[in-house]
Amino acid sequence: FLKDYADYHFIEGVTHNVFHTYTHNPQIGFLPPGTSMGSKIGTPFLRGQTWWPYMKEFTTYLARCSYLLERGQSVSDVLWYLGDEVAHRPDQDYPFPAGYKYDYCNPDVLVNRLSVEDGMIVTPEGISYRMIWIPDTKRMLPETLEKLQQLIEQGAVVVADAPKSVATLRDAEKSQQRFDNAVKSIWGNAEAGEITKVGKGMVLSGVSIDKAIEMLALPADVVGDVRWLHRQTDGADWYFVTPQRGESFEGEVQFHAHGNVEIWNPVTGECESVKSRAKGEYTIVDLSLPHAGSCFVVIHDLEPKPCVEPFEVASEKSLDGEWVLSFPEGWGVESPVKIDKLQAWKDLNLSAEGKAFSGSVNYTTTFIADKPESRVLLDLGRVDMIASVKLNGKALRTLWCAPYALDISESIVEGENILEVEVTSTWFNRLVYDASLPESERKTWTLEGPAADKPLRESGLMGPVKVIIGKN
C-alpha cells in the first residue's frame, strides 16, 4: 500500500517526500507499537513497528526515485492556466487525455515568466510546453489577456474561450477598455471549433482539450495503459512507469524518444540494458510490471551495453514439502510448528492468540537441486508482507513488494539446500485480538487501533514457493 501510494504521487509530480511525523517513544520496554498519531491519518513511522528493522528498504526506494525525479527537466505538453480568480482550485481528478501531461500555471508565472521560442512556451529554466490551456475563462484581468496576446503573436498556441467580463474594479473604465481590446485582438476572428491564426500563433476556442490535441495532431508522449512521468536532460530521457492503480501490466509501451534503452529498478538499484524497437518517432519497449510495480525506462544516446536476455522458464520445482515455523516466545505459539501446507497464520492449527500473531516468523525447509547450469529464480508466491531470504546460511535479499522473487543462481548448490525465510507482518491482527481483552491482559498498546470485531488479515508466507530453472 505504501509503495502504491508513493508511486501515485510521484506520477502526479511530487519529487521529494517528507515524513509527517516521527513519534518519539523514549522509554525502554514499552508495549509495542507505542505512541503514534493514530491509525486514520496514514502509516505511523515509529520504532515499535514490526517492520522497523526493514524500513531502510522502503526509504531507499523513495530516495532512488526522488533522485531521478529531481534531475533534468520535467516534460509536459500542456500548461494549464488556473485562471485569475482568487482561491481557484483545479480538479486533480480531471480526465486528462491519455498519453499527455500538464503542469499548472498561476498568474505570476504567466505574466512574468513565460516567453516563446520556436513556437514553444518556455520558462527561464528551460521547461517548455506545446500549448496553454485555460478551461475557466469567465472573468480575466486585462494584464493576463495582454500577455496572452503577446505570447500568441510570438507563436504560442492557446486553447481557451473568450472571457465574459473583466476580473477587477480597479481603474474600471480603463481596465474595461484594455480588456475589450485584448479580447478582440485574440478572439475577434475566432470561430468555435476552428484553429484561428493570430500573429505567428494560434487560438482554439469552443473545443475540449482532447479535441484540441486531436486538431493540432500532437503526438502522445507515451502510448500504453500505464501511469508515467517524463524527465529529460541532454542526451537522455527517462520515464517513471507504473501500472494503473491496483493492477499489474504486461505488454508493450511506446515512448516518444529515440536511443538505447535501459530499465532501472528503483527497488533493487539494478540497471539492465534491454532490447527495444523503433516505430517512427517512438521507441517500443516490452514491460512486465507486477501489482504496484515500477521502473525507470531510460532512453539515452550513450554506447549501448549488452542486453539482458528475457528469462525463459525451463522447469519448476514446487517446495510443497514440510516447513518448520519458529515463532518468538510469549505470543501464544509453542515453537516449532511443522506444516505441510503454506497458508496464512490465521488459518493454521493454532490457538486464538496464535492465529492473531503479528511480527516475524522464521520459515525453514530443505530441497534437493541438480547442479545449476543456468539462471535459477526463487519465487515465494504470496507474502504478507516482508520476506528476508537466506539460502544455505547466506543472506540474500529482503523482499518487501511484488514480485516476491529473486535470483539464487550464486547460492544454490547441488544436492541438499536449506532455505530460510523470515516473514514479517504488520501489527494489525494482534491489535484486533488485544482490543477484545481487558487492558491488563494486552501485550500491545497504542493511542488508536482497529476494533475487536475487525476480521483478521492474511499474514505470513502463503506461496506457492517455487524454484524456477531458466533456459539461459
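Placed above this text is the structure.
Model, not experiment: these values are computed from the prediction.

**Student:** I'm lost on the overall build of the chain in this one. Help?
**Tutor:** For the chain, the count of helices and strands is eight helices and 33 strands. The dimensions of the chain, computed from C-alpha atoms along their principal axes, are 85 × 60 × 35 Å. Here the chain, with 472 residues, has 45% of them falling under the buried criterion. A total of about 24200 Å² of accessible surface is found on the chain, and carbon and sulfur atoms cover 50% of it. Computing the positive centroid from 46 side-chain charges and the negative centroid from 67, the chain places the two 2 Å apart.

**Student:** What is the right way to look at the pattern of salt bridges in this model?
**Tutor:** One side chain can pair with another of opposite charge once the charged atoms of both are near each other. Summed over all chains, the structure comprises 18 salt bridges. Note that Asp7 is salt-bridged to Lys3, the shortest N-O span being 3.0 Å. Here Asp7 and its partner Lys3 are both found in helix H1 (residues 2-11), four residues apart, which amounts to about one turn of the helix. A residue is classified by how much of its surface remains accessible, and Lys3, at 5% relative accessible area, is buried. For the salt bridge of Lys443 with Glu353, the shortest nitrogen-to-oxygen distance reads 2.8 Å. On the criterion of sequence distance, the pair formed by Lys443 in the loop between helix H8 (428-435) and strand E32 (460-463) and Glu353 in helix H7 (residues 352-355) is long-range, its members being 90 residues apart.

**Student:** For this particular structure, what's the right way to read the sheet that holds strand E29 (residues 394-399)?
**Tutor:** The strands making up a sheet associate through backbone hydrogen bonding, with each pair oriented either parallel or antiparallel. Spatially, six strands are ordered E24-E23-E25-E31-E28-E29 in an open sheet, and the strand pairing comes out antiparallel. The sheet is open, and its two edges are formed by strand E24 (337-339) and E29, each paired on a single side. Averaged over all pairs of adjacent strands, the angle between their axes in this sheet comes to 20°, without regard to strand direction.

**Student:** Help me out: how do you make sense of the sheet that holds strand E17 (residues 260-264) in this one?
**Tutor:** Strand order in the open sheet formed by six strands is E1-E14-E15-E21-E17-E18, with antiparallel pairing between adjacent strands. Of all strands in the sheet, those with a lone pairing partner are strand E1 (73-74) and strand E18 (271-274), marking the two edges. Strand direction decides the pairing type here: E17 and E18, joined by four bridges, are antiparallel. In the sheet register, Val261 faces E18, and the bridge partner there is Val274. Running at roughly 50° to strand E14 (residues 227-233), H1 makes contact with E14 and strand E15 (236-242) of the sheet. Each of E14, E15, E17 and strand E21 (295-300) is contacted by helix H2 (residues 55-69), which is oriented at about 140° to E15, the strand it contacts most.

**Student:** I keep staring at the state of the cysteines and nothing clicks. Help me out?
**Tutor:** A covalent bond between the sulfur atoms of two cysteines is referred to as a disulfide. Using the criterion set out here, one finds zero disulfides in the structure. Sulfur of Cys271: no disulfide; nearest cysteine sulfur belongs to Cys295 and is 11 Å away. A relative accessible area of 45% places Cys271 in the partly exposed class. Distance from the sulfur of Cys295, which forms no disulfide, to the nearest cysteine sulfur (Cys65) is 10 Å.

Calculation criteria
Residues numbered from 1 in each chain as written. Predicted model: local features only at pLDDT ≥ 70, side-chain atom pairs only at ≥ 80, totals over all residues. Heavy atoms only, no water. Helix = DSSP H or I, 4+ residues; strand = E, 2+ residues; numbered from the N terminus. Buried < 20%, exposed > 50% of the residue type's maximum accessible area, 1.4 Å probe, protein only. Areas by Shrake-Rupley, 256 points an atom, 1.4 Å probe, with all protein chains shown as cover. Lys, Arg positive; Asp, Glu negative; His and termini not counted. Charge placed at Lys NZ, Arg CZ, Asp CG, Glu CD. Salt bridge = Lys/Arg side-chain N within 4 Å of Asp/Glu carboxyl O. Pairing = 2+ DSSP bridges. Axes fitted to C-alpha atoms, helices over the stretch in contact; angles between N-to-C directions. Contact = heavy atoms within 4.5 Å. Disulfide = S-S within 2.5 Å.

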